[in-house]
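# Breakdown of the fold
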Amino acid sequence: MLADWFDKYPLAEYAAYLGGLAAAALVTHLVARYLSRHVLGRIARETQFRWDDYLESHGVFRRIADLAPALVVYFGAAVLPLHERIAHALSRLSGTAVVILVALAVNGLLSALNVYYASKPQSRVRPIKGYVQIAQLLLFIVAAIVAVATLLDKSPWFFLSGIGAMTAVLMLVFKDTLLSFVASVQLAGNDMLRVDDWIEMPGQNADGVVIDIALHSVKVENWDKTVTTIPTYTLISQGFKNWRTMPLSGGRRIKRSIFVDAGSVRHLEDAEMERLRTFVLLTDYVDAKREDLRRHNALHAPEPGMIANARRLTNVGTFRVYVENYLRQHPGIHTGMTLMCRQLQPTPQGLPLEVYCFANRTDWVAYEAVQSDIFDHLFAIAPEFGLRVYQQPSGADVVEGARRLAAGFERA
């Protein structure tokens with residue numbers, strides 16, 4: 001009797017089938033969501049493995065669950081005796097939904113893979129985020145072509161054949177992506193950049209630690225806690241300084257000068273030499289130098305009054321030796337690397353004595369403490385050698401000098 005009624009009213013028959021198909025899709029959706037959330041999700045949270053947690057957090061299980069009602073509609077439209085146009089429309093719509101949901105599930109899988117890999121130590125050496133983003137871009141391009149082809153009931157090759165004619169346009173649209181991809185390959189292949197590397201790139205106002213390497217950009221956290229975003233291809237085209245090898249070497253360079261007033265540079269008298277000999281760091285040097293000078297002067301300056309023909313110790317030369325010996329015995333200096341105290345070209349500010357050595361601590365705070373400790377001592381000990389450290393006169397110096405000059409005139 002119901003069949004006779006459906007024969008009499010075919011639209012009611014189609015509506016009944018569609019209602020049943022919708023009810024089946026809804027029930028399937030509820031069951032699949034329950035299984036994905038309360039069964040698979042619970043298993044993922046309770047297991048000791050981390051990769052299933054990443055799958056759950058990136059919605060992979062949820063996207064797979066959403067596939068179930070779309071598949072029910074797709075296969076139901078092919079099985080149920082629906083009108084040809086209705087069945088065809090349902091097949092195209094559900095097929096398009098299946099393509100989109102599969103693409104979203106695979107995209108979530110790739111994101112979970114990237115996060116899981118980022119938790120491994122080797123990710124800092126070989127990050128894969130750029131490659132994952134390329135794969136996701138290609139995935140969505142392919143999914144978009146297949147989805148549109150399914151919706152319009154065309155072959156995907158129909159759209160792919162048109163892409164060939166749009167190559168120039170696509171190259172223009174994806175220019176930055178292509179440049180970034182090539183740059184990412186070069187950076188990874190040559191091991192030029194890793195997460196946690198300290199880099200400097202003045203042209204981009206970047207000076208800090210790399211916190212993220214993506215396809216299109218690299219993020220650098222500067223020392224003032226700001227973040228600079230640099231296009232990936234800019235790193236290749238402009239170049240940058242990477243400080244990674246510095247902490248690996250175990251030494252961090254100290255390169256700083258003390259400016260000595262050139263007017264305080266002079267020869268040492270015998271009494272001064274004897275006093276400086278009492279410095280533990282200079283005892284062997286003064287003794288050896290005295291003997292060397294005695295032999296030289298006996299041959300080339302036999303007359304005591306001929307000072308121009310004699311060799312004598314200078315306060316600045318002795319100070320340089322003292323600085324080098326002091327650095328060699330300092331616990332914060334790496335003695336296996338270059339160590340010296342040298343004179344630079346004299347300047348209007350005086351004679352620069354440059355300390356060039358390497359601290360054996362590379363972390364910033366400890367390095368600055370070592371450097372400050374060294375120069376605290378050198379500034380304080382320089383007057384013991386009769387040397388004046390140059391400082392550009394300030395207003396207070398001028399006032400004090402004028403006061404002393406006035407006091408001298410009054411006494412006169």
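Values in this document were obtained by computation on a predicted structure and should not be read as measured data. (Residues numbered from 1 in each chain as written. Predicted model: local features only at pLDDT ≥ 70, side-chain atom pairs only at ≥ 80, totals over all residues. Heavy atoms only, no water.)

### Some thoughts on the confidence of the model for the chain
Short version of the rule: Predictor confidence is given residue by residue as pLDDT, running from a minimum of 0 to a maximum of 100. Pairs of residues are marked as contacts when any of their non-hydrogen atoms sit within 4.5 Å.
Averaged over all residues, the pLDDT of the chain equals 80, while 78% of them reach at least 70. Low pLDDT, under 50, characterises residues 1–7; the predicted model gives this stretch four contacts beyond four residues in sequence or across chains.

### Examining the sheet that holds strand 5 (residues 241–242)
Strand pairing in a sheet relies on backbone hydrogen bonds, with the paired strands running either antiparallel or parallel. Spelled out, the test is: Paired strands, in this sense, are two strands between which DSSP finds at least two bridges. Under the DSSP-based scheme used, a helix requires at least four consecutive residues in state H or I and a strand at least two consecutive residues in state E, with every element numbered from the N terminus.
Strand order across the open sheet formed by five strands is 4-3-2-1-5, with antiparallel pairing between neighbours. Each of the sheet's edge strands pairs with one partner strand only, and the pair in question is strand 4 (227–231) and strand 5. In this structure, strand 1 (residues 198–201) lies alongside strand 5, joined through two bridges in antiparallel fashion. Pairing of Ile-199 across the sheet is with Asn-242, part of strand 5.

### Quick word on the pattern of salt bridges
Definition in use: Salt-bridge detection follows one rule: a side-chain nitrogen of Lys or Arg within 4 Å of a carboxyl oxygen of Asp or Glu. For every residue, the accessible area (1.4 Å probe, protein chains only) is compared with the maximum for its type, and the residue is labelled buried under 20%, exposed over 50%, or partly exposed between those bounds.
Scanning the model with the defined rule gives 15 salt bridges in all. In this structure, Glu-384 engages Arg-275 in a salt bridge whose closest nitrogen and oxygen atoms are separated by 3.2 Å. Of this pair, Glu-384 sits in the loop between helix 15 (364–381) and helix 16 (395–411) while Arg-275 is found in helix 12 (residues 270–277), placing the two residues 109 residues apart along the sequence. Judged by its relative accessible area of 36%, Glu-384 is partly exposed. Under the relative-accessibility criterion, Arg-275 is labelled partly exposed at 34%. The partner of Asp-292 in a salt bridge is Arg-311, with the nearest N and O atoms 3.5 Å apart. Of this pair, Asp-292 sits in helix 13 (residues 283–300) while Arg-311 sits in the loop between helix 13 and helix 14 (315–329); the two residues are 19 residues apart in sequence, bridging distant segments of the chain. Connected via shared salt-bridge partners are Lys-255, Arg-342 and Glu-354.

### Considering the packing of aromatic side chains
In this description, an aromatic ring pair is defined by two values, namely the gap between the centres and the angle between the planes. As a reminder of what qualifies: Any Phe, Tyr or Trp ring, taking Trp's six-membered ring, that has another such ring centre within 6.5 Å forms a pair; planes under 30 degrees apart are called stacked, those over 60 apart edge-to-face, and the others tilted.
Tallied over the entire structure, the rule returns 10 aromatic pairs. Here the aromatic rings of Phe-319 and Phe-385 are separated by 5.2 Å at their centres, their planes lie at 70°, and the arrangement is edge-to-face. A residue pair is termed long-range when its members are at least 10 positions apart, and Phe-319 in helix 14 and Phe-385 in the loop between helix 15 and helix 16 qualify at 66 residues. A relative accessible area of 1% places Phe-319 in the buried class. Arranged with centres 6.5 Å apart and planes meeting at 45°, the rings of Phe-375 and Phe-379 form a pair that is tilted. With Phe-375 and Phe-379 both in helix 15 and four residues apart, this pair spans about one turn of that helix. Judged by relative accessible area, which is 3%, Phe-375 ranks as buried.

### A closer look at the side chain of Glu-324
For clarity, the threshold we go by: Side-chain atoms alone can form a polar contact between residues adjacent in sequence; in general such a contact is a pair of N or O atoms within 3.5 Å, and within protein one must be able to donate a hydrogen while the other accepts it.
Tracing the backbone through its elements, the reader meets Glu-324 in helix 14. Judged by its relative accessible area of 18%, Glu-324 falls in the buried class. Looking at Glu-324, its side chain comes within polar contact range of the main-chain nitrogen of Cys-341, at 3.2 Å. Residue contacts for Glu-324: discarding those within four places in its chain leaves Leu-339, Met-340 and Cys-341.

### Notes on the side chain of Glu-354
Relative to the assigned elements, Glu-354 resides in strand 8 (residues 351–359). Only 2.7 Å separates the side chain of Glu-354 from the side chain of Arg-342, close enough to count as a polar contact. Non-local contacts of Glu-354, meaning those with residues more than four positions away in its chain, are made with Lys-255, Arg-256, Ser-257, Met-340, Cys-341, Arg-342 and Leu-344.

### Overview of empty space enclosed by the protein
Applied cut-off: Buried and open spaces are told apart on a 1 Å grid over the protein atoms alone, a cavity being a set of points where a 1.4 Å probe fits but cannot get out and a pocket being an open set with protein on both sides within 12 Å along at least five of seven lines. Residues with an atom within 4 Å of a point are the lining residues. Grid points are joined across faces, edges and corners, and a volume is the space filled by probe spheres set on the points. As a working rule, the residues Ala, Val, Leu, Ile, Met, Phe, Trp, Tyr, Cys and Pro are called nonpolar, Asp, Glu, Lys and Arg charged, and the rest polar, with Gly in that last group.
Across all of its chains, the model carries one cavity of 30 Å³ or more by this definition. Around the largest cavity, the lining residues are Pro-127, Lys-129, Gly-130, Tyr-131, Ser-184, Leu-187, Ala-188, Leu-193, Ile-213, Ala-214 and Thr-232. When contributions to the lining of the largest cavity are tallied by element, the ones reaching two or more residues are helix 6 (129–152) and helix 9 (175–189). Residue classes in the lining of the largest cavity are distributed as seven nonpolar, three polar and one charged.

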